[in-house]
Number of protein chains: 2
Amino acid sequence: MANAESVRLRVFSLNCWGIRYLSKHCSQRYAMLGDMLFKKEHDIVLLQEVWSEKDYLALKQKLACCHPHSHYFKSGVIGSGLAIFSKHRIHDTFLFRYSLNGYPYMAHHGDWFGGKAVGLAVLSIGSLIANIYVTHLHAEYCRDKDPYLPHRVVQAWELQQFIRHTSAGADLVILGGDLNMHPQDLGNRLLRTSTGLRDCYLETAKFDGCEDGMTLIADNPFISKNELLPFEKGIRIDYILYKVSERFVQSHLRYLCSFVSTGSPKANIYCDYMCTTNGSIPDHPFPYSDHEALTAELRLEPHTPSETQSDKKLWKHDSAAGKVAELVDIMTEARTEVKVGLHCAERMRYTATRTGVMGLALLFLELAIAAVPYLALGAEQPFPLTSFYMLAGLCFAILLTTFLLYIFKTMELKSLQGAEDQMRLAIGSLQEKLRGFPLAQPHSTQRRPPEGLEPSAFGPEE
Amino acid sequence: MANAESVRLRVFSLNCWGIRYLSKHCSQRYAMLGDMLFKKEHDIVLLQEVWSEKDYLALKQKLACCHPHSHYFKSGVIGSGLAIFSKHRIHDTFLFRYSLNGYPYMAHHGDWFGGKAVGLAVLSIGSLIANIYVTHLHAEYCRDKDPYLPHRVVQAWELQQFIRHTSAGADLVILGGDLNMHPQDLGNRLLRTSTGLRDCYLETAKFDGCEDGMTLIADNPFISKNELLPFEKGIRIDYILYKVSERFVQSHLRYLCSFVSTGSPKANIYCDYMCTTNGSIPDHPFPYSDHEALTAELRLEPHTPSETQSDKKLWKHDSAAGKVAELVDIMTEARTEVKVGLHCAERMRYTATRTGVMGLALLFLELAIAAVPYLALGAEQPFPLTSFYMLAGLCFAILLTTFLLYIFKTMELKSLQGAEDQMRLAIGSLQEKLRGFPLAQPHSTQRRPPEGLEPSAFGPEE
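Residues numbered from 1 in each chain as written. Chains lettered and ligands numbered in written order. Predicted model: local features only at pLDDT ≥ 70, side-chain atom pairs only at ≥ 80, totals over all residues. Heavy atoms only, no water.

Q: So, the sheet that holds strand 8 (residues 172–178) of chain A: which residues are in play, and what are the values?
A: Residues and elements named next belong to chain A. On the basis of which strands lie adjacent, the open sheet formed by six strands has the order 5-6-7-8-13-9 and mixed pairing. Lying at the two open borders of the sheet, with one neighbouring strand each, are strand 5 (90–97) and strand 9 (198–199). Summarising the sheet, strand 7 (residues 128–136) and strand 8 pair through seven bridges and their orientation is parallel. Among the inter-strand pairings, Thr135 is bridged to a residue of strand 8, identified as Gly177. Strands in contact with helix 4 (residues 149–166) are strand 5, strand 6 (117–125), strand 7 and strand 8; relative to strand 7, the strand with the most contacts, it is inclined by about 170°. (Pairing = 2+ DSSP bridges. Helix = DSSP H or I, 4+ residues; strand = E, 2+ residues; numbered from the N terminus. Contact = heavy atoms within 4.5 Å. Axes fitted to C-alpha atoms, helices over the stretch in contact; angles between N-to-C directions.)

Right under this line is the structure:
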């Protein structure tokens, strides 16, 4: 199938579950992983949850020959956990920290301390520039009632923004990581539709591994079956996505193209093979992680200039309009989800304010009672000193906690509002683009504005 | 001078000093500003320190006719303070929050609460795509001994990263804002050299306004002369920068070009006129702000395809090598500055740890003394109850404060380390590029690696 000039790329992605002293068999698993990576010599290795820099450095040392280029992305209190190892030269890196990432007071979930982010490494692969992204989104602890859903949707929004805005100079885009979203989840649809990234699992010519490409499976000994319910067999939440960039698409389509992928004239890309581990490793007592590892074999076929020209002509307005309309739908759904988050955060901030005011009132009341003996000379101190100090301590604790909570919730609100504003603006812009496709059949006709409406009418809606 | 097809762009930038109830004459100044903007009808208005969204909304309402498109960037506790008003359609926006921005415990400086960031708005101006950036970096409170210098250098680093990585799809790049850096400051050199952005003040054909283009001047009634010392007359810290993007530069030069501007084949850009206010406004009792307002008139001249071709040939390897060498020097200097910040943060975290341990020891000591009466029955309580509770409260306060400080300093360390890693990698990559220019005379020969060195040797230096 591949012609003589085609380039083969083997990409590996794994959530390493690398919490030192807490994750089971952590150091042994890293040793196994290092041995395997050394042997398999993938072109690009994308790791998540490498929480300790020491583990990264040990891997770096072990892989120095086969993966001379690597980068560890630092962020947050513990780190972002993201690392990349590459056979190809890494020219440049960039890290984008998500504006929302759970709550510091949910310490048992720990996501906030991880400083979740998306890392970008710019590689040169032959004559091509490749933008490689690695990310890890906020975990889902309860699918039925997920308090982190608005945060994850905002993360997916920021992820697609980051990829769209930074990939214009690249020929090839690859994203690997633990998205903590099922294939049809809102954030996943938002990400794929707006960037045009394609899912290796869905595109691959040949697949080996877990049923339905699952990456968190009941057969993995580190997984408790109760966690997975109602998905008895497992779920697919780790991905390798790819696309060729639309850098050379005609000028007037350019802006739209940053939203909708249209195939590239510089090269074409195919996924020939994909595989996952399946909960156990031959000759080893346990697998590499609680997640399954993904490996994708991509094939890049550079175009000749004549092909480029004909490719451009294949561009169909109708299908583009359909995609834009679909994107408007998804964005509207995402906006609704963000609004839900906004209401929750507002309610929490209101509760914090009210509790703070009550703490203050209690403090004043206490001080007033304490002042009685001084005002009415001779009267006895009405309550014992121990209780007095404990109550005062309680009041101060309430005031401090509610103050910190107020500050934190205000920051959360600002981030949610910011994302919602940007979504509204993007929806408005896309709807205007839709009006430029007279033959289009948009999915969401009711949200499509009438033909004569001025652009400014999309500004401050609602 | 301009031909028939040239496009004129009038860009305005002002730090509004808009702290409600604290900044002097805040509402009157906004009213004045709104009137002026309404009258002058600039193409693009970039505002900083619009701390209250109400003020933004009031301006939006006032400018609805002349500037139908606008965006307010939200971030942090108070907001980023950044706003953009435009005559041209804003298609898309994106916000990047700097990873470092001062300290929450330096509440009197307040920068941390502002959530400093760089905002991007993607505009279409005729057939051109323009990326408009607005930013505000951390203030400089003391030039001789500036504890925020590493933070500002990291902000400048992240700003240039953000602009480089997001502007590949744009024809035109404009950055306006309060950089809080003098023209020759490290961060400013880093920004201009790595992005290729040109300074309107230095490039303009005609200039009206303050001497040396100063934007914080002694003649402004809101400025206390002591603040400016040793710069008696004033300083230049607000800028409008611009460039045409290098989107179409030949393929093999592409990566290097993301570091060094080389002129664009799509259009050329000139600054015909620039002006600043000079501390007072005719017929008004006070100026718009404590900063002076900047206005730049840019002229865009689209190229014909034949010009494009000849422009490419003008590309000189020698001058590119010189620029790369200069950039390596500047980045090395920036890396040194970040290391200074690293040492400070490490020292502070060590102090926090030590103080925390002492607080804990004190608490245990107190508990031990308090336990004496229970252990040796009949012995009297050795110290009064009031002191006991107050001491315990003090211990807890110390523990809490040092814990928060430890967390915060760890995050600061991670960000500084991350920036330093990225700088090291970029320097290595640039040095390798330099080896591709055999005729080049790099500035920093001693830092230039020997010809035969392998790429991997640039990985973990020091």
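Q: Can you explain the interface of chain B and chain A? Please cite residues and give values.
A: The interface of chain B with chain A comprises 67 residues on the first partner and 67 residues on the second. Surface buried jointly by chain B and chain A totals about 5600 Å² across both partners, of which 59% is contributed by carbon and sulfur atoms. Counting every contact that joins chain B to chain A gives six salt bridges. Salt-bridge contacts for A:Asp421 lead to B:Lys74; the nearest nitrogen and oxygen are separated by 2.5 Å. Scanning the region where chain B abuts chain A turns up 15 residue pairs in polar contact (both at pLDDT 80 or more). Secondary structure elements with two or more residues in the side of chain B that touches chain A: strand 3 (69–73), strand 5 (90–97), helix 3 (111–114), strand 6 (117–125), helix 4 (149–166), helix 8 (254–257) and helix 11 (385–434) of chain B. Across the side of chain B that touches chain A, the residue classes tally to 28 nonpolar, 24 polar and 15 charged. (Buried area = accessible area lost by both parts, 1.4 Å probe. Salt bridge = Lys/Arg side-chain N within 4 Å of Asp/Glu carboxyl O. Polar contact = N/O pair within 3.5 Å; in protein donor to acceptor, adjacent residues only side chain to side chain. Nonpolar A, V, L, I, M, F, W, Y, C, P; charged D, E, K, R; others polar.)

Q: I'd like to hear about the sheet that holds strand 14 (residues 267–276) of chain B, residue by residue, with values.
A: Strand pairing in a sheet takes place through backbone hydrogen bonds and is either antiparallel or parallel in direction. Residue and element names in this part refer to chain B. As summarised here, the arrangement of the seven strands in space is 3-4-2-1-15-14-10, forming an open sheet in which the pairing is mixed. The open sheet is flanked by strand 3 and strand 10 (206–208), the only strands paired with a single partner. Ignoring strand direction, the axes of neighbouring strands in this sheet form an average angle of 15°. Examined bridge by bridge, strand 3 and strand 4 (residues 82–86) share five bridges and lie antiparallel to one another. Bridged to Phe73 within strand 4 is Leu82.

Q: Please set out helix 2 (residues 53–62) of chain B residue by residue, giving values where relevant.
A: Residues and elements named next belong to chain B. Those residues of helix 2 lying buried are Asp55, Tyr56, Leu59 and Lys60. Taken around the axis of helix 2, the buried residues stretch over an arc of 140°, which confines them to a single face. More than 90 degrees from the buried face of helix 2, the exposed residues found are Lys54 and Gln61. Here the buried face of helix 2 lies against helix 1 (26–40), strand 2 (44–48), strand 3 and strand 4. (Buried < 20%, exposed > 50% of the residue type's maximum accessible area, 1.4 Å probe, protein only. Arc of directions from axis to C-beta.)

Q: Can you break down a nonpolar patch on the surface residue by residue, with the values?
A: Nonpolar side chains collect at one region of the surface, where A:Leu400, A:Phe403, A:Leu404, B:Leu400, B:Phe403 and B:Leu404 lie side by side and expose about 550 Å² of accessible area between them. Sorting the residues of the nonpolar patch by element identifies helix 11 (385–435) of chain A together with helix 11 of chain B as the ones contributing at least two each. Counting through the fold element by element, A:Phe403 comes out in helix 11. (Patch = residues over 30% accessible without salt bridge, like charges linked within 9 Å, V, L, I, M, F, W, Y side chains within 5 Å. Areas by Shrake-Rupley, 256 points an atom, 1.4 Å probe, with all protein chains shown as cover.)

Q: Go over the packing of helix 4 of chain B against helix 5 (residues 186–195) of chain B, please, and point to the residues and values.
A: Residues and elements named next belong to chain B. Relative to each other, helix 4 and helix 5 sit at 15°, their axes nearing to 9 Å. In this view, helix 4 runs roughly parallel relative to helix 5, as classed from their interaxial angle. Crossing hand, helix 4 versus helix 5: right-handed. Between helix 4 and helix 5, the contacting residues are Val153, Ala156, Trp157, Leu159, Gln160, Ile163 and Arg164 on the first element and Leu186, Gly187, Leu190, Leu191, Ser194 and Thr195 on the second. (Parallel < 35°, antiparallel > 145°, perpendicular 65-115°, else oblique. Left-handed = near helix turned anticlockwise from the far one by under 90°.)

Q: Tell me about the relation of the copies chain B and chain A, residues and numbers included.
A: Note on the copies: chain B fits chain A at an RMSD of 0.1 Å, the axial shift is 0.0 Å, and the rotation between them is 180°. Here the transformation between the copies is reduced to the relation of a two-fold axis. Among all residues of chain B, the one whose C-alpha sits closest to the rotation axis is B:Thr166, at a distance of 2.2 Å. (Least-squares fit on C-alpha atoms with pLDDT ≥ 70 in both.)

Q: Describe the pairing of strand 4 (residues 82–86) of chain A, naming the residues involved and giving the relevant values.
A: Residue and element names in this part refer to chain A. Across the five residues of strand 4, five count as buried, placing the element largely inside the fold. Neither face of strand 4 is exposed, since Leu82, Ile84 and Ser86 on one face and Ala83 and Phe85 on the opposite face are all buried. Where strand 2 (residues 44–48) meets strand 4, four bridges bridge the pair, whose relative direction is antiparallel. If you follow Leu47 over to strand 4, its bridge partner there is Ala83.

Q: With reference to specific residues and values, describe the packing of aromatic side chains.
A: Residues and elements named next belong to chain A. As enumerated under the stated definition, the model contains 36 aromatic pairs over all chains in all. Ring centres of Phe94 and Phe162 lie 5.7 Å apart, and the angle between their planes is 45°; on these two criteria the pair is classed as tilted. With Phe94 in strand 5 and Phe162 in helix 4, this pair connects stretches of sequence that are 68 residues apart. Here Phe162 falls in the buried class, since its relative accessible area comes to 0%. (Phe/Tyr/Trp six-rings, centres within 6.5 Å; stacked < 30°, edge-to-face > 60°.)

Q: If you had to explain helix 5 of chain B to someone new, which residues and values would you point to?
A: In an α-helix there are 3.6 residues to a turn, and that puts residues three or four apart on one side. Residue and element names in this part refer to chain B. Where burial is concerned, most of helix 5 is hidden: nine out of the 10 residues are buried. Within the sequence span of helix 5, burial applies to Leu186, Gly187, Asn188, Leu190, Leu191, Arg192, Thr193, Ser194 and Thr195. The first or second residue beyond helix 5 is Gly196, which carries a positive phi of 80°.

Q: Provide a residue-level description of the state of the cysteines, including the pertinent values.
A: Residues and elements named next belong to chain A. Tallying each qualifying case throughout the model produces zero disulfides over all chains. Cys26 provides the cysteine sulfur closest to Cys16, a residue in no disulfide bond, and the two sulfurs are 8.7 Å apart. Of all cysteine sulfurs, the one in Cys142 lies closest to Cys344, which takes part in no disulfide; the gap is 14 Å. (Disulfide = S-S within 2.5 Å.)

Q: Give me the lowdown on the side chain of A:Asp199, citing residues and values where you can.
A: One can find A:Asp199 in strand 9. Other than its neighbours up to four places away in sequence, A:Asp199 contacts A:Arg192, A:Arg236, A:Tyr239, A:Ile240, A:Leu241 and A:Tyr242.

Q: Provide a residue-level description of the environment of B:Val173, including the pertinent values.
A: Among the structural elements, B:Val173 can be located in strand 8 (residues 172–178). Between the alpha carbons of B:Val173 and B:Trp17 there is a distance of 26 Å; along the sequence they are 156 residues apart.

Q: Lay out the packing of helix 1 of chain B against helix 2 of chain B with the relevant residues and their values.
A: Residues and elements named next belong to chain B. Where helix 1 contacts helix 2, the two axes come as close as 10 Å, and the packing angle between them is 30°. Accordingly, the angle class assigned to the pair helix 1 and helix 2 is roughly parallel. Helix 1 and helix 2 meet at a crossing whose hand is right-handed. Only Asp55, Leu59 and Lys62 of helix 2 make contact with helix 1, whose side of the interface consists of Tyr30, Ala31, Gly34, Asp35 and Phe38. When the residues that make up the contact of helix 1 with helix 2 are grouped by side-chain class, the tally is four nonpolar, one polar and three charged.

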